[in-house]
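# Architecture and fold: a report
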Amino acid sequence: MSKFFINGGKKLRGEVEIESAKNALLPILSACNLIDGKVVLHKVPAFSDVIAMLDVLKHLGAKVEWQDDSVTIDMTSPKRHDVPVELASKARASIYMLGPILARNKIAKVAYPGGCEIGLRPIDLHLSGMGALGAKVVEKNGYIYCNGANMKGGDVILNFPSVGATENIIMASVLTKGRTRIFNCAKEPEIVDLQNFLNACGAKVYNAGCGVIEIEGVDRLNGCEYQTISDRIITGTYMLACAMTGGEITLKNVDPSHNQALISKLLNSSCQIHIKNDIIKMKANGRAKAFGELETAVYPGFPTDLQAQAMALQCVSDGTSMIVENLFEARFKHIPELIKMGGDISFRDRVCVVRGKSKLYGADVFAHDLRGGASLVMAGLVAEGYTTISNIQLIDRGYFKLEHTLTALGADIKRIED
Ligand code: EPZ
């Protein structure tokens, strides 16, 4: 199993080009099930979650070809309508295949995606959404069976603005006759990107990101060429790492409007941030001031996917912070690992208190989930001495060649095979 080996104490300095967003790519890859033609996606990083989704598409009958960092997916003739457990368990986002498989084939059989490390990750909102469109949904022996023979457009009311459920319902309705409206839907930028991709293929999806999403069903969708938005969570991770190491970095190919919650926190903690078009220049001004209060929320609130990374920064900031994780019930697994490195953190349920220290110390730590693992890398970058991080395949799910990028920014980090 590979590990990261980090020698801490180096400031991050230099430029980094942010890659395409994992959480935009995964639903768009699922949406390729809907397309009667070739889709070419450009600048696709080989995140392991992306590879897992491409494996599902191949299982379903897609022809998949890579050309440098572009990937062509041709689902002109789907062969199957099932996602078996051995494929579904590899990526949580496999549940996003349900809606498009059902819409294209009028039948679907998808294994549960399995709970992720950060919580139970129920899918009740996905299934009730399919039901609201007239699909017959049966759960049996770890599989979801859907029959879409009588599906028609209708109103779907989400009792929580779930990102995945919103995306699944959009994909289930683009080929379903009639008008569908999704109330209380999620407003994340990745959903706007999915709308833009589907409309580039001939769909009729409106208001993503700003209100009640409306979809007019169409008969078929053609192929297209597309490049997704850049990854706002990777952008935020590097910004927090820069603040933590006292560095100075330039981030390119970003959409600053996607990181407003984080930018306001960093400006208030004495970082200098200059924004121009798709470039963010950032300089830490000595030791960061503690954020004070931080609550994760649905977009445009502070993203849960940056909670662990923000906590790592609070461990070395000047002052005390309270962090509340409102989205997932088990997203504090990085705390014991940060404590091993000298973090002064106490927590109960979804609330934790971090008392900033002037120093962290290298240790052998374990990544329990993707973003918690990223927070340990950040802590290793500033810790005195050597840090070894195990289970880093979880980090590879959402960061592509992280050690290369950090090395180019001046960090002393290596991937070692155990
Ligand atoms: C997406 O997950 C992201 N993943 C997550 O990023 C992100 O943390 C999350 O949205 C919130 O922003 C992808 O886009 C692939 P949700 P998703 O459905 O769709 C509850 C990362 O690190 N819920 O918005 O699973 C759920 O339990 C990953 O890149 C239900 O109750 O998130 C949670 O408490 C981690 N029933 C809350 O909603 C449902 O049917 C938010 O979940 C669905 C969700």
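What counts, and at which threshold
- Residues numbered from 1 in each chain as written.
- Predicted model: local features only at pLDDT ≥ 70, side-chain atom pairs only at ≥ 80, totals over all residues.
- Heavy atoms only, no water.
- Core = buried A, V, L, I, M, F, W, Y, C linked by side-chain atoms within 4.5 Å.
- Buried < 20%, exposed > 50% of the residue type's maximum accessible area, 1.4 Å probe, protein only.
- Domains from an automatic or database assignment.
- Helix = DSSP H or I, 4+ residues; strand = E, 2+ residues; numbered from the N terminus.
- Pairing = 2+ DSSP bridges.
- Contact = heavy atoms within 4.5 Å.
- Patch = residues over 30% accessible without salt bridge, like charges linked within 9 Å, V, L, I, M, F, W, Y side chains within 5 Å.
- Areas by Shrake-Rupley, 256 points an atom, 1.4 Å probe, with all protein chains shown as cover.
- Salt bridge = Lys/Arg side-chain N within 4 Å of Asp/Glu carboxyl O.
- Phe/Tyr/Trp six-rings, centres within 6.5 Å; stacked < 30°, edge-to-face > 60°.
- Axes fitted to C-alpha atoms, helices over the stretch in contact; angles between N-to-C directions.
- Buried area = accessible area lost by both parts, 1.4 Å probe.

## Brief notes about the nonpolar core
Residues Leu41, Phe197, Leu198 and Leu266 are the most contacted members of the largest nonpolar core, which totals 139 residues. Looking at this core, you find at least three residues from each of domain 1 (2–18 + 230–417) and domain 2 (22–226).

## Things to note about the environment of Pro113
Structurally, the position occupied by Pro113 is in the loop between strand S7 (107–111) and helix H5 (124–132). The exposure class of Pro113 is buried, given its relative accessible area of 7%. As a C-alpha pair, Pro113 and Tyr96 span 17 residues in sequence and 9.5 Å in three-dimensional space.

## Quick look at the pairing of strand S8 (residues 136–140)
Where S8 meets strand S9 (residues 143–147), five bridges bridge the pair, whose relative direction is antiparallel. From the neighbouring strand, Lys140 faces S9, where its bridge partner is Tyr143. Following S8, the chain reverses through two residues before pairing antiparallel with S9; Asn141 in that reversal takes a positive phi of roughly 50 degrees.

## A look at unusual backbone geometry
A cis geometry characterises the amide bond from Tyr299 onward to Pro300, with omega recorded as 10 degrees. By the element assignment, Pro300 lies in the loop between strand S18 (293–295) and helix H10 (307–315). Its identity is not glycine, yet Lys106 carries a phi of approximately 65 degrees, on the positive side. Tracing the backbone shows Lys106 in the loop between helix H4 (98–105) and S7. Phi is positive for Asn207, close to 70 degrees, though the residue is something other than glycine. One can find Asn207 in the loop between strand S12 (204–206) and strand S13 (213–216).

## Examining the side chain of Asn168
Inspection of the secondary structure puts Asn168 in helix H6 (residues 163–173). Apart from the residues lying within four places of it in its own chain, the contact partners of Asn168 are Ile95, Tyr96, Leu98, Gly99, Pro100, His126 and Met130.

## Examining a nonpolar patch on the surface
On the surface, a nonpolar cluster with roughly 270 Å² of combined accessible area is contributed by Phe5, Tyr386 and Ile416. Tracing the backbone shows Tyr386 in strand S23 (residues 386–390). Using a relative accessible area of 51% as the deciding quantity, one classes Tyr386 as exposed.

## A short note on H10
Burial runs high along H10: nine of the nine residues are buried. Taken together, the buried positions of H10 are Gln307, Ala308, Gln309, Ala310, Met311, Ala312, Leu313, Gln314 and Cys315.

## Comments concerning the pairing of strand S3 (residues 38–41)
In regular strands, side chains alternate between the two faces of the sheet. Pairing geometry for S3 and strand S5 (residues 70–74), over four bridges, is antiparallel. From the neighbouring strand, Leu41 faces S5, where its bridge partner is Val71. Relative to strand S14 (residues 224–226), S3 runs parallel, the two being bridged by three bridges. Bridged to Leu41 within S14 is Tyr226.

## Describing the packing of aromatic side chains
All told, the structure shown has four aromatic pairs when counted by the stated rule. Centre to centre, the rings of Phe197 and Tyr226 are 5.5 Å apart; their planes meet at 75 degrees, and the pair counts as edge-to-face. Here the residue Phe197 occupies a position in helix H7 (residues 189–200), and Tyr226 occupies one in strand S14, the gap between them amounting to 29 residues. Of the two residues examined, Phe197 and Tyr226, each falls in the buried class. Relative to Phe347, the ring of Phe332 lies with its centre 5.8 Å away and its plane at 85 degrees, an arrangement referred to as edge-to-face. On the criterion of sequence distance, the pair formed by Phe332 in the loop between strand S19 (320–324) and helix H11 (335–340) and Phe347 in strand S20 (residues 344–348) is long-range, its members being 15 residues apart. On the accessibility criterion, Phe332 (7% relative accessible area) is buried.

## Some details on the sheet that holds S19
For sheets, the rule is that strands pair by backbone hydrogen bonds, running either parallel or antiparallel. Read from one edge to the other, the open sheet built from four strands follows the order S18-S19-S21-S20, with strand pairing classed as mixed. Looking at strand neighbours, the two that pair on one side only are S18 and S20, the edges of this open sheet. Neighbouring strand axes in the sheet, compared pairwise and without regard to direction, differ in orientation by 15 degrees on average. Across the sheet, H10 lies against S18, S19, S20 and strand S21 (351–355), angled at about 30 degrees from S21, the strand it touches most.

## Quick notes on the domain arrangement of the protein
Taken domain by domain, the protein comprises domain 1 (2–18 + 230–417) and domain 2 (22–226). Distance from the C-alpha centre of domain 1 to the C-alpha centre of domain 2: 30 Å. At the interface, 24 residues of domain 1 touch 19 residues of domain 2. Regarding the contact of domain 1 and domain 2, the summed buried area is about 1800 Å², with carbon and sulfur atoms giving 54% of it. At the boundary of domain 1 with domain 2, the tally comes to three salt bridges. The partner of Arg232 in a salt bridge is Glu190, and the shortest N-O contact between them spans 2.8 Å.

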